[in-house]
Every structure is written in C-alpha cells, then in structure tokens.
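Listed below, chain by chain, are the residues.
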Amino acid sequence: MYIVVGAVFVTAAILAIAVHLVDSTRQSVLVAGALARTPMWASVPGTVLLTIGVGWVGALLGLTVMAAAAWTQWPLVARRFRAKESVRDTNTLGTPFTVLHANILLGGADADAIVALLERHRPDVLTVVELTPSAHERLLAAGLAEHLPYSFVSPAGGGEGSGIYSRHPLDDVMRHDGYAAEQLSARVEVPGGPTPLVFALHPVPPWPRSPQGWVRELASIRQMLAKIPAEDGPVIVGGDFNATFDHKRYRDLLTGLYRDAAIEVGAGHLATYHADMRIPPLIAIDHILVRGAAVTEVGTVDLPGSDHRGLRAALLL
C-alpha cells in the first residue's frame with residue numbers, strides 16, 4: 001500500500017514538472033499548468049511513502065523528484081536573499097513610483113473598497129481590467145478622481161474593458177488593436193523624473209475557449225513589448241495574463257529586459273485567483289512586469305466583489 005500510494009504521489013509530481021517544462025498548446029496541459037505547483041508538493045509525502053515501502057531506492061527516486069520540483073520553483077524566491085542588498089544599492093538612485101493592478105470581475109468589484117486602497121497605498125497609477133462603463137462611473141462617483149485625476153479608459157462589457165488611472169498627466173495614449181479585450185498603454189508624465197510607459201493588459205484565457213487565442217495574444221504581447229526601444233525609458237505592465245510562472249509562454253515574456261516584479265524581490269507565489277471562494281486563492285495569473293525600474297516591495301491586496309486579488313508594487317524608476 002505504501003508503494004502504490006507513494007508511486008501515485010511521485011508520478012503526479014513528475015507530470016507537474018513536465019507540464020512546467022513543455023511548451024504545449026493543448027488545452028488540458030495549459031489548464032494543468034495553472035495548478036502545476038500544487039501536485040509538485042505531492043513529491044514530499046510520496047518520498048516518505050516510497051522510502052517506507054522500498055527503502056533507499058524509493059528514497060533516491062523521491063528525493064530526485066523533490067529536487068526537480070524545487071528547481072522549477074526556485075526562481076520565485078531566489079532573489080529574496082539578495083533583495084535587501086539590491087534595494088540599498090538603488091534607493092538613492094531612483095524616483096519612487098507605486099502601481100496597483102486590479103481585475104474587477106466584469107465591473108463587479110466594490111468601488112468604495114478600491115478607492116480605500118488608493119487612500120491607503122497612494123499609488124501613482126492604477127491599471128484595471130474587466131472595466132465596464134458602469135464600473136468606471138461608480139469608481140468616479142466613489143472619489144477615484146480625487147486620487148488619480150488623469151485617465152485613459154476603454155470600458156466594455158463581457159470582461160473586455162480596461163483602464164489606466166494616474167496621479168500625473170498622461171501622454172502617448174494608445175489602444176492596441178488585434179486582441180479580444182482592450183489592451184491600453186499610456187506614458188505617465190512624472191514630475192522631475194523618468195516618464196514610464198504603462199500598460200493595462202488582459203489576454204484571453206486558454207479555457208474554456210480555444211487555447212489558440214491565448215497562444216496568439218501572448219506571442220503578440222511579447223513582440224509588442226520587445227519592440228519598445230530601450231532608450232524610451234521605464235516600462236510597467238499591469239495585467240491579468242491568464243498565465244502562471246509554470247506556463248513556459250509566460251516565462252518567455254521575462255526574457256531580455258522585462259522582469260516579473262514579484263520574482264524580482266523573491267516574493268514567491270502570489271496567488272490572485274480564485275479569490276471569492278472559502279479556500280485561499282491558488283493560482284497566480286495577475287502580474288506586474290517592469291523594465292528600467294527597481295522593485296522594492298510587492299504584495300497582494302483584497303478586492304471585495306472580485307474573483308481576483310489585486311497586486312501592488314513599489315518601484316524606483
């Protein structure tokens with residue numbers, strides 16, 4: 001019995017590691033990728049059970065799988081051990097800039113709660129996806145413009161709207177065509193500092209619709225970001241990517257100059273979805289990407305009325 005159950009646990013972990021590594025477009029593999037890190041933990045009890053049932057051979061097999069699982073997840077926390085030193089090196093060299101990102105569930109999130117977050121965290125910019133016309137009006141009625149008076153929004157129904165709200169004037173606003181949802185960007189005119197280009201992105205999910213749209217839109221986003229000249233200054237991307245670190249196509253976005261803010265400070269797995277259930281969120285599909293900025297702090301924030309948690313990142317441009 002020990003051998004059978006241990007073998008099942010270790011096999012589940014091996015399959016999860018394989019899902020992390022492969023570049024698949026199969027819907028079943030992509031859905032499994034969203035939860036891959038959970039069955040990886042099965043390698044721990046699996047190793048114990050195989051050790052009891054088989055002895056040193058089972059222990060060796062189990063420990064090998066455990067090491068492979070840890071290797072896939074190590075980048076999420078690796079910089080935690082260097083983050084403090086990095087911040088000390090840069091905290092006198094950059095302009096402070098704070099960003100909030102929120103998926104507001106078809107416009108259903110509590111507008112007063114979002115404005116309360118603005119009062120508490122005083123962000124320079126808020127990126128919003130699933131912004132509906134009524135949600136935009138409710139946010140304004142709740143006092144959002146008192147904190148973030150400048151905006152570039154494209155509200156829409158069906159989870160397709162997006163918006164960028166800013167404490168500073170916006171320039172070079174652009175709506176990027178060719179996507180199912182609204183993908184927006186705008187340059188934030190920070191007084192006396194760099195002027196970051198900010199994106200609000202929301203590629204389609206790989207499920208329940210065909211995964212081909214997700215594949216195409218992630219590839220298009222990667223190309224769009226790569227084309228921005230390095231001399232254009234900092235770039236900040238707030239988005240629900242419908243992808244986790246265990247999806248190779250998300251990790252492909254982090255090549256070159258772009259970095260995941262949570263990974264940059266070793267914050268680990270910041271799960272944001274599904275946030276409206278009795279159990280805590282398990283899936284980290286919301287991300288803040290940065291280029292030309294140091295990250296000093298990252299965390300999640302509650303969004304009552306939404307099925308996502310939001311993200312907050314403190315940066316130095």
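Further up the page is the structure itself.
Here the structure is a predicted model, which is why all the values come from computation and not from measurement. (Residues numbered from 1 in each chain as written. Predicted model: local features only at pLDDT ≥ 70, side-chain atom pairs only at ≥ 80, totals over all residues. Heavy atoms only, no water.)

Points about the sheet that holds strand β10 (residues 286–291)
Then step 1. One open sheet holds the six strands; their spatial order is β5-β6-β7-β8-β10-β9, and the pairing between them is mixed. At either end of the open sheet lies a strand with only one pairing partner, and these are β5 (170–176) and β9 (259–260). (Pairing = 2+ DSSP bridges. Helix = DSSP H or I, 4+ residues; strand = E, 2+ residues; numbered from the N terminus.)

A short note on the pairing of strand β1 (residues 96–103)
Then step 1. In terms of residue burial, β1 counts as a mostly covered element, since seven of its eight residues are buried.
Then step 2. As paired elements, β1 and strand β12 (residues 310–316) share six bridges and run antiparallel to each other. Bridge pairing in β12 places Leu100 opposite Arg312.
Then step 3. Of the pairings in the sheet, the one linking β1 to strand β2 (residues 125–129) comprises five bridges and is parallel in character. Within β2, the position partnered with Leu100 by the bridge is Leu126.
Then step 4. In the classification by handedness, the crossover that spans β1, the intervening helix α7 (residues 111–121) and the parallel β2 is right-handed. (Buried < 20%, exposed > 50% of the residue type's maximum accessible area, 1.4 Å probe, protein only. Right-handed = clockwise from strand over helix to strand, strands pointing away.)

What to know about the sheet that holds β1
Within a sheet, adjacent strands bond to each other through the backbone by hydrogen bonds, running parallel or antiparallel.
Then step 1. Spatial ordering of the open sheet is given by β3-β4-β2-β1-β12-β11, a layout of six strands whose pairing is mixed. Strands with a single pairing partner mark the edges of an open sheet, and in this sheet they are β3 (150–154) and β11 (294–301). Within the sheet, the average angular offset between the axes of one strand and its neighbour, ignoring direction, is 10°.
Then step 2. Strand contacts of α7: β1, β2, β11 and β12, with the helix running at about 165° to β1, the strand carrying the most contacts. (Axes fitted to C-alpha atoms, helices over the stretch in contact; angles between N-to-C directions. Contact = heavy atoms within 4.5 Å.)

Let's talk about the pattern of salt bridges
Then step 1. Considering all chains together, one arrives at eleven salt bridges under this definition.
Then step 2. Between Glu297 and Arg312 there is a salt bridge; the shortest N-O distance is 3.3 Å. Pair noted here: Glu297 is in strand β11 and Arg312 is in strand β12, with a separation of 15 residues, a long-range link.
Then step 3. With a relative accessible area of 40%, Glu297 lands in the partly exposed category.
Then step 4. The residue Arg309 makes a salt bridge to Asp302 at a minimum N-O spacing of 3.9 Å.
Then step 5. Using a relative accessible area of 56% as the deciding quantity, one classes Asp302 as exposed.
Then step 6. Shared partners join several salt bridges into a network, and the residues in it are Arg79, Arg259 and Glu264. (Salt bridge = Lys/Arg side-chain N within 4 Å of Asp/Glu carboxyl O.)

A short note on the layout of surface pockets
Then step 1. Approximately 660 Å³ is the volume found for the largest pocket.
Then step 2. The wall of the largest pocket is formed by 30 residues, among which Pro205, Trp207, Pro208, Asn242 and Tyr273 lie closest to the centre.
Then step 3. Here the lining of the largest pocket gets three residues from one element, more than from any other, and that element is helix α2 (residues 27–34).
Then step 4. Partitioned by chemical class, the residues of the lining of the largest pocket number 18 nonpolar, seven polar and five charged.
Then step 5. Taken as a whole, the second largest pocket holds about 260 Å³ of empty space.
Then step 6. Looking at the second largest pocket, it is lined by 14 residues, and the ones nearest its centre are Met40, Trp41, Ala69, Ala70 and Gln73.
Then step 7. Sorting the residues of the lining of the second largest pocket by element identifies α3 (37–40), α4 (43–54) and α5 (56–73) as the ones contributing at least two each. (1 Å grid on protein atoms, 1.4 Å probe; cavity = no way out; pocket = protein on both sides within 12 Å on 5 of 7 lines; lining within 4 Å. Points joined across faces, edges and corners; volume = space filled by probe spheres on them. Nonpolar A, V, L, I, M, F, W, Y, C, P; charged D, E, K, R; others polar.)

Some thoughts on the side chain of Ser162
Then step 1. Note that Ser162 resides in strand β4 (residues 162–166).
Then step 2. Take Ser162: its relative accessible area is 0%, and that puts it in the buried class.
Then step 3. Here Glu182 takes part through its backbone oxygen, which lies 2.6 Å from a polar atom of the side chain of Ser162.
Then step 4. Not counting the four nearest positions on each side in its chain, Ser162 is found in contact with Val128, Val129, Leu131, Val153, Ser154, Pro155, Glu182, Leu184 and Ala200. (Polar contact = N/O pair within 3.5 Å; in protein donor to acceptor, adjacent residues only side chain to side chain.)

Structural notes on empty space enclosed by the protein
Then step 1. Applying the stated criterion across every chain, the model contains two cavities of 30 Å³ or more.
Then step 2. Of the volumes computed, that of the largest cavity is approximately 160 Å³.
Then step 3. What lines the largest cavity is a set of 19 residues, and nearest its centre among them are Asp260, Gly268, Leu270, Ala284 and His287.
Then step 4. Looking at the lining of the largest cavity, the elements that each hand over two or more residues are α12 (261–264) and β10.
Then step 5. Grouping the constituent residues of the lining of the largest cavity by class yields ten nonpolar, five polar and four charged.
Then step 6. Taken as a whole, the second largest cavity holds about 50 Å³ of empty space.
Then step 7. Together, Val19, Val22, Asp23, Ser24, Val29, Leu30, Asp246, His247, Lys248 and Arg249 line the second largest cavity.

Overview of helix α10 (residues 211–226)
Then step 1. The terminal C-alpha atoms of α10 lie 23 Å apart, and with 16 residues this matches the ideal 22 Å at 1.5 Å per residue to within 8%.
Then step 2. Close packing links the buried residues of α10 with α2, β5, β6 (183–188), β7 (197–201), β8 (235–240) and α11 (248–251). (Expected span 1.5 Å × (residues − 1).)

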